[in-house]
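# Structural features, examined
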Amino acid sequence: MNRLLYALAALSIALPTAAQDKLPPAPYAYRQLDDAAQEARAKALMETLRCLQCEGQSIADSDAPIAGDMRHQVRLRIAAGEQPEAIRAWLVERYGDYVSYAPRIDRLTWPLFAAPLILAALAAALLRRRFTTGAGV
């Protein structure tokens, strides 16, 4: 009886994820905008946004379904006249800072940017101390 319950639980979790791949791609996932200037702005923005599934590719280069949906949203919003930074802010709000290749520096993320500088300064101070005290012997 437990095996049957486990199998049903696993099936109920797997079915929604399998169904998502069967959906047709969004209209602007693989089709460019008619206006070349708008498409250039959309392409420039898409190259600075990370695919959440591939993790190493931008949404402009990825063939993952979520990247197609994100390209569609970017193109729709550019066509509607929205500014690229507003679109980036919307995507960061929706998916988190990880979606952007250029993360914001704010009160939560500044230690990530400061830590390497602090460690480099500490290493330089330790090396300087080591070589200056060793030279006098």
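Above this text you will find the structure in question.
Reference entry: report on the structure contained in this document. (Residues numbered from 1 in each chain as written. Predicted model: local features only at pLDDT ≥ 70, side-chain atom pairs only at ≥ 80, totals over all residues. Heavy atoms only, no water.)

## Some words on the pattern of salt bridges
In the structure shown here, the tally under the stated rule is three salt bridges. As a salt-bridge pair, Glu39 and Arg75 come within 3.0 Å of each other at their nearest N and O atoms. Taken together, the residues span a long stretch of sequence, with Glu39 in helix H2 (residues 36–46) and Arg75 in helix H3 (residues 65–79) at a distance of 36 residues. A single burial state applies to Glu39 and to Arg75, both of which are buried. Glu85 is paired through a salt bridge with Arg88; the nearest N and O atoms lie 3.4 Å apart. Of this pair, Glu85 and Arg88 both sit in helix H4 (residues 84–95), three residues apart, which is roughly one turn of that helix. (Salt bridge = Lys/Arg side-chain N within 4 Å of Asp/Glu carboxyl O. Helix = DSSP H or I, 4+ residues; strand = E, 2+ residues; numbered from the N terminus. Buried < 20%, exposed > 50% of the residue type's maximum accessible area, 1.4 Å probe, protein only.)

## Some remarks on the packing of aromatic side chains
Tallying each qualifying case throughout the model produces zero aromatic pairs. Of note, Arg50 hangs over the ring of Tyr98, and the distance from its end group to the ring centre comes to 4.3 Å. Between the NZ or CZ atom of Arg77 and the centre of the ring of Trp90, over which it lies, the distance is 3.7 Å. (Phe/Tyr/Trp six-rings, centres within 6.5 Å; stacked < 30°, edge-to-face > 60°. Lys NZ or Arg CZ within 6 Å of the ring centre and 35° of its normal.)

## Some thoughts on the side chain of Gln38
Considering the arrangement of structural elements, one finds Gln38 in helix H2. The class for Gln38 is buried, based on a relative accessible area of 17%. Every residue in contact with Gln38, bar those within four places of it in the chain, is listed here: Leu33, Ile78 and Ala79. (Contact = heavy atoms within 4.5 Å.)

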